[in-house]
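# Report on the structure
Chain residues, written in single-letter form:
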Amino acid sequence: MTNQQAKKIDWQKYLLVLFFTGLIFTLGFFFANLISKKNLESLDSLQQNLRVDILSLETQFSILNQTPCENLNESTLTQELYDIAQTLTSVGNNVGKDNPYYLQLKKYYSILEIKHWLLLQRAKKECGLPLTFIIYFYADKKTCPDCDNQGYILTHLRRKYPDLRVYSFDFNLDLSALDALKSIYLIQPNETLPLMIINKEALSGFQSKDKLENILSKYIETTPDDETSTSTSSTSPNDIDL
Amino acid sequence: MVTTIEIFIYIGIFFALYFSVFILITAIENKKRTYLKSTKQSFPLVSLVVPCFNEAHNLDMVVQSLLNLNYPKKQLEIIIINDGSKDATFEKAKAWQKKYPAIIKTFSKPNGGKHTALNLGFEKAKGEIVGCVDADCTVEKNAILRMVNHFQDKETAIVVSTIKILNPKNILEGIQYVEYIISAFFKKVFGFLGSISVTSGPLTLFRASALKELGPYKKAHQTEDLEIAFRAQSKDMKIDYALDAIVYTLGEKTMKGLTKQRLRWRRGFLLNLRDYPGLLNLKKHGNLAFCLAYNTFGILISVSITAYSLFRLFNFVFMKINQAVLINFDFNPYLADFRFVLPHFNPKPTLILSSLCLVVMLGFLLLGKKLTLDTTRLKEKALFYLLFYAFFNAMWWVMAGWSAIFKRELVWN
């Protein structure tokens, strides 16, 4: 075979290669979408579990007409909430934060957060649980450049103080339950973000770790008790804004 | 949501995959032609030129390996050219000549660069087949015999060999070892496509008549072995690849040395391609034009994707440092409550497809290892190759591009 013959383009082969490459490419997209779909399904099932658990606890409250303090195991519920946050963050990063389905899931998650918060408020009051709550409002990076950093500090504090519960909400999420929560604390639409409410005390703008710990010292034992730590998840709900 | 950078990455991955599939299909359809099956063995006179510049410490190794060749000594001529060395190269060469006067000839000339030494050697050579051997190499004993067989095809003008790194010890040599193994597989496939675009310096044989037609080696931006291949391709001369003819070369031991070498090669590629633009003519040079165009386009893609990956990596490191500062380096909660949590696996198509590219690259390595009959343990070397090579490669291309555009001459020797 001469060199010219060897160099001659076999267009059939080039087209066959194009076909195989296209096939591999399509399969790559197919598998990525398949995994994404599975994750969405697992998120659905996680949300469903939490909904059932919250409903079950609410029903117990109603049947007994009082909070069943001796059987109350709120750490499981909290863990479930954090697991959902972790999955939701991952889904958001994958499908995009503007994806309508993701936004729908986020709304549902926010409602579950509010229900969880209400339930623990009641448990705190009736069973004397030494819990402290932070309601944290964040927004996207464009509107709130400091929110990423604030979220990280809150995650750290949640890990450090086992009796601290952090609920994070997208300030711009179109959800009536969230609007109701905002109205309780007289939050205006033009508030400076990030915004935190620590036991009814509102804090606008970025707050350093030291400042937050200073404030928290009024409400909780600031020496963390690692032995009794129940916060095992590496992800906090506010990760959803990261 | 797909970002602009993701679209660019998809295009890059698509082209990389296309080329990989193209190489694989070509390898499969030519499987039976991987090794040359010769029924008759001929022993034409072979003249091997060894150009030397300050190679006193390596000369014994290369000459000894040439004397050990499994080839009739009567049909072998070794020509050592001393290119104005300042060390004892010439004295050593003379001593070898004295010991084997029938085989070894020695010539000395003022320093003029490797191409001038080779040209003098080829002028003095009497062989029907002539070749060049780098002085820092050792030739496997059957290499010449196997390469000579390829000249039974009257069309074949040039035969190149498989290069391996001699006794790789440090990480850099290991990376080069893997690089050469992968390159062996690619060169073989390029050979099937009539698209070999470099005649390797460590060991290449020419049909003397073809070399005469081609003319002497040129300085060619200090990549004379690349230029002569381009010249041969522009004249449609056949360059064959002897996969089982092995030559061992000393790897660059330091990053400085390796960068200098690769910068010279890449700069040479860009400038020689500029000098031979006709090779990119798809109508005239078909597969070769496609391979060269892919190589050139691939440079842009690999540099851009590597730069983006590095940007992401630095961003991540910066974010982690920033986070540590935010919590006043108080890692106690994490240490007290440490448990390994599997990251949530939710890959984007880019991750799946780039992982596939890595798998394909590993496949090429395994094929290269198998085809070059390599028995070396490659695991650690392959790991370091996968971790660092893309970054090094991108860096060398950027430096070479800069040097080629701004016409900075490289200091060599």
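Source: prediction; values computed, not measured.

### A look at the UniProt feature "transmembrane region" (unreviewed entry) in chain A
- In the numbering used here, UniProt assigns the "transmembrane region" (unreviewed entry) feature to residues 14-35 of chain A.
- Secondary structure content for residues 14-35 of chain A is 100% helix and 0% strand, and the end C-alpha separation is 32 Å.

### Remarks on the sheet that holds strand E3 (residues 104-109) of chain B
All names here are of chain B.
- The strand order across the open sheet built from eight strands is E3-E2-E1-E4-E7-E6-E8-E5, with neighbouring strands paired in mixed fashion. Of all strands in the sheet, those bounded by a partner on one side alone are E3 and strand E5 (137-139). Averaged over neighbouring strand pairs, the angle between their axes works out to 25° when direction is ignored.
- Sheet topology note: the strand E4 (residues 129-133)/strand E7 (residues 203-207) ladder contains five bridges and is antiparallel. Note that in E7 the partner of Gly-131 across the bridge is Leu-205.

### As for the state of the cysteines
- According to the stated counting rule, one finds one disulfide over all chains in the structure shown.
- The partner cysteine of Cys-144 of chain A in its disulfide is Cys-147 of chain A, sulfur to sulfur 1.9 Å. Torsion about the S-S bond of the Cys-144 of chain A and Cys-147 of chain A cystine: about 95°, corresponding to right-handed handedness.
- You can call Cys-144 of chain A buried: its relative accessible area is 1%.
- Among the residues examined, Cys-147 of chain A registers a relative accessible area of 1% and is labelled buried.
- Lacking any disulfide linkage, Cys-52 of chain B is separated from the closest cysteine sulfur, that of Cys-137 of chain B, by 11 Å.
- The exposure class of Cys-52 of chain B is buried, given its relative accessible area of 1%.
- Counting only cysteine sulfurs, Cys-291 of chain B is the nearest neighbor of Cys-357 of chain B, a cysteine outside any disulfide, at a range of 17 Å.

### Structural notes on the side chain of Thr-259 of chain B
Residue and element names in this part refer to chain B.
- Secondary-structure assignment places Thr-259 in helix H9 (residues 255-275).
- By relative accessible area, Thr-259 is classed as buried at 13%.
- From its side chain, Thr-259 meets the backbone oxygen of Met-255 in a polar contact 2.7 Å long.
- Beyond its immediate sequence surroundings of up to four residues, Thr-259 is in contact with Met-395, Trp-396 and Met-399.

### Quick word on helix H7 (residues 209-216) of chain A
- When H7 of chain A is considered as a whole, its buried residues turn out to be Lys-209, Leu-212, Glu-213, Ile-215 and Leu-216 of chain A. Across the axial projection of H7 of chain A, the buried residues extend over an arc of 160°, all falling on one side.
- Looking at the packing, one finds that the buried side of H7 of chain A touches strand E1 (132-138), helix H5 (147-160), strand E2 (164-170), strand E3 (195-198) and strand E4 (201-204) of chain A together with helix H10 (282-326) of chain B.

### Description of the pattern of salt bridges
Residues and elements named next belong to chain B.
- On inspection of all chains with the given rule, the structure shows 25 salt bridges over all chains.
- Among the salt bridges present, the one from Asp-83 reaches Lys-109, with a minimum N-O distance of 2.6 Å. Taken as a pair, Asp-83 in strand E2 (residues 76-83) and Lys-109 in strand E3 lie far apart in primary sequence, 26 residues in all. Lys-109 shares its class with Asp-83; the two are buried.
- A salt bridge links Lys-114 to Asp-134, with the shortest nitrogen-to-oxygen separation between them at 2.8 Å. With Lys-114 in helix H4 (residues 114-124) and Asp-134 in the loop between E4 and E5, this pair connects stretches of sequence that are 20 residues apart.
- Residue Lys-114 is classed as partly exposed on the basis of its relative accessible area, which comes to 27%.

### Notes on the interface of chain A and chain B
- Listed by partner, the interface residues are 48 residues for chain A and 49 residues for chain B.
- Summed over the shared surface of chain A and chain B, the number is four salt bridges.
- The set of elements that each furnish at least two residues to the side of chain A that touches chain B consists of helix H1 (3-7), helix H2 (11-64), helix H3 (74-95), H5 and H7 of chain A.
- Counting residues per element, the side of chain A that touches chain B draws most heavily on H2 of chain A, which supplies 18 residues.
- In terms of residue class, the side of chain A that touches chain B is built from 20 nonpolar, 19 polar and nine charged.

### Some remarks on a positive patch on the surface
Residue and element names in this part refer to chain B.
- A cluster of basic residues, Lys-31, Lys-32, Lys-37 and Lys-370, forms a positive patch on the protein surface.
- Tracing the chain through its elements places Lys-37 in the loop between helix H1 (4-29) and strand E1 (46-52).
- The class for Lys-37 is exposed, based on a relative accessible area of 72%.

Conventions and cut-offs
- Residues numbered from 1 in each chain as written.
- Chains lettered and ligands numbered in written order.
- Predicted model: local features only at pLDDT ≥ 70, side-chain atom pairs only at ≥ 80, totals over all residues.
- Heavy atoms only, no water.
- UniProt positions renumbered as here; feature names shortened; annotations may be inferred.
- Helix = DSSP H or I, 4+ residues; strand = E, 2+ residues; numbered from the N terminus.
- Pairing = 2+ DSSP bridges.
- Axes fitted to C-alpha atoms, helices over the stretch in contact; angles between N-to-C directions.
- Disulfide = S-S within 2.5 Å.
- Buried < 20%, exposed > 50% of the residue type's maximum accessible area, 1.4 Å probe, protein only.
- Polar contact = N/O pair within 3.5 Å; in protein donor to acceptor, adjacent residues only side chain to side chain.
- Contact = heavy atoms within 4.5 Å.
- Arc of directions from axis to C-beta.
- Salt bridge = Lys/Arg side-chain N within 4 Å of Asp/Glu carboxyl O.
- Nonpolar A, V, L, I, M, F, W, Y, C, P; charged D, E, K, R; others polar.
- Patch = residues over 30% accessible without salt bridge, like charges linked within 9 Å, V, L, I, M, F, W, Y side chains within 5 Å.
- Areas by Shrake-Rupley, 256 points an atom, 1.4 Å probe, with all protein chains shown as cover.
- Lys, Arg positive; Asp, Glu negative; His and termini not counted.
- Charge placed at Lys NZ, Arg CZ, Asp CG, Glu CD.

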